[in-house]
Amino acid sequence: VNLRIPGPTPCPPDVLAAMSRPMVDHRGPETAEILARVAPKLKAAFQTENDVLLVTTSGTGGLESAVVNTLSPGDAVLAVSIGNFGERFSGIATAYGADVTKLKFENGAAADPTKVRAALAERPGTRAVLITHNETSTGVTNPLADLAATVRAEAPDALILVDAVSSLSSIPVKTDAWDLDVVVSGSQKGWMLPPGLAFVAISARAWQANETARMPRYYFDLKKHKQALDTGSTPWTPALSLFFGLDVALELLEAEGWEQIYARHQHCADLTRQGVKRLGLELLADERYASNTVTAVKAPPGLDVSRLRKTLRERHNVVVGGGQADLSGKIFRIGHLGLVQEEDIRETLAALAEALPVAGYQPAAAAV
Ligand SMILES: Cc1ncc(COP(=O)(O)O)c(C=O)c1O
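Owing to the predicted nature of the structure, the values given are computational and were not obtained by experimental measurement.

1. What about the pairing of strand 13 (residues 331-335)?
In terms of burial, strand 13 is a largely internal element, five of the five residues being buried. Burial along strand 13 is two-sided: I331, R333 and G335 and F332 and I334, pointing in opposite directions, are all buried. Across two bridges, the pairing between strand 12 (residues 318-322) and strand 13 is antiparallel. Paired with G321 across the bridge in strand 13 is R333.

2. Points about the packing of helix 3 (residues 59-68) against helix 4 (residues 84-95)
Between helix 3 and helix 4, whose axes approach to 10 Å, the crossing angle comes to 45°. Judged by the inter-axis angle, helix 3 sits oblique to helix 4. Note on packing geometry: the crossing formed by helix 3 with helix 4 is right-handed. Note on element contacts: helix 4 touches helix 3 through R88, F89, I92 and A93, opposite T60, L63, E64 and V67. Counted by class, the contact of helix 3 with helix 4 contains five nonpolar, one polar and two charged residues.

3. So, helix 4
Helix length check: helix 4, at twelve residues, gives a terminal C-alpha distance of 16 Å against a target of 16 Å (1.5 Å per residue), a fit within 8%. Here helix 4 has its buried residues at F85, G86, F89, S90, I92 and A93. Along the axis of helix 4, the buried residues cluster in a sector spanning 155°; they form a single face. Buried positions along helix 4 lie against helix 3, strand 3 (76-81), strand 4 (99-104), strand 5 (128-132), strand 6 (134-135) and strand 8 (159-163). Directly after helix 4, the chain includes G97, whose backbone phi takes a positive value near 90°.

4. Structural notes on the sheet that holds strand 2 (residues 51-56)
On the basis of which strands lie adjacent, the open sheet formed by seven strands has the order 2-10-9-8-5-3-4 and mixed pairing. In this open sheet, the two edge strands, each paired with only one partner strand, are strand 2 and strand 4. For this sheet the average axis-to-axis angle between neighbouring strands, irrespective of direction, equals 20°. In this sheet, strand 9 (residues 182-186) lies alongside strand 8 in parallel orientation, the contact comprising three bridges. Its bridge partner being in strand 9, L161 is matched across the sheet by V182. Packing against the sheet, helix 3 makes contact with strand 8, strand 9 and strand 10 (197-202), and its axis sits at approximately 165° to strand 9.

Definitions and cut-offs
Residues numbered from 1 in each chain as written. Predicted model: local features only at pLDDT ≥ 70, side-chain atom pairs only at ≥ 80, totals over all residues. Heavy atoms only, no water. Buried < 20%, exposed > 50% of the residue type's maximum accessible area, 1.4 Å probe, protein only. Helix = DSSP H or I, 4+ residues; strand = E, 2+ residues; numbered from the N terminus. Pairing = 2+ DSSP bridges. Axes fitted to C-alpha atoms, helices over the stretch in contact; angles between N-to-C directions. Parallel < 35°, antiparallel > 145°, perpendicular 65-115°, else oblique. Left-handed = near helix turned anticlockwise from the far one by under 90°. Contact = heavy atoms within 4.5 Å. Nonpolar A, V, L, I, M, F, W, Y, C, P; charged D, E, K, R; others polar. Expected span 1.5 Å × (residues − 1). Arc of directions from axis to C-beta.

Structure below.
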């Protein structure tokens, strides 16, 4: 199957094989050795000297940990939302009692730093800004470097909490250079692993905030995770099989090299965008900010998205994503992250060219 959803992504055979290893003592030397091996590699991926914690949870759990470890109920938070995952991040902060102001941009748009600056100027004392780096629901990558610089200029003490779930490891994130405070990614995206692990990088500023942060937390108490990691362990029983897989996945990623990985994602994304446009279809994303990990395609009049997805799956063994929330039925999404090569994209485009007429739309031309 050509699994072209924006996560979970296909896993390399060596990763799958590693995950079938017998269990070990999660407090024993094997686990400590794995943690010691992966720690510097995770830091390299995050481009940081900060601690990168491994939390057994999905990406959403990682985002929740970012919020509850740095904030207190009543804190002023600016939630920058360009889609469904921005709404989720905002929703987490609201659920834990932050005083959230939402700055929402329309589907397909990136966040505008000028508007972020204005929103911060209107609310002095903003404690944290929540930013989605890559909005998986719309296929847009925010200009994170510019947004972070804007926050630093306007609100120097505000924490910058970043959802990099579907970007980090596929699209560069410069955690230290951009002065980001908490950065979260998820194993089922570019990391070529199954779902179940969140990676959470934490700055010195965020650890300082942690000292006074009063939102309730227990499982996601990152201080416990940090203390355990410092002794080669985890506070709770971790998803050990995913640790085995991560050990191998990071070796594969490092062997390819991060620059080459980013270039491969750019290339696959370019091919996808060109291909769908040749079929006469339009992207949802403002092209200047179109994502290198997922392409959201607008459904033209007459196209039945669920029929398209069913046809692709049943006749072509190609699985693409649908639209989420208000975009359901209005777009479909092609994932191109993690284990993806040019051939996967060519196969997807060829399948699309055949499946589109079955689902009610006659493509403009051959895509491949
Ligand atoms: C940008 C973004 N944020 C958050 C999440 C949530 O991650 P999870 O579904 O692993 O909880 C996802 C995953 O779909 C995502 O793409």
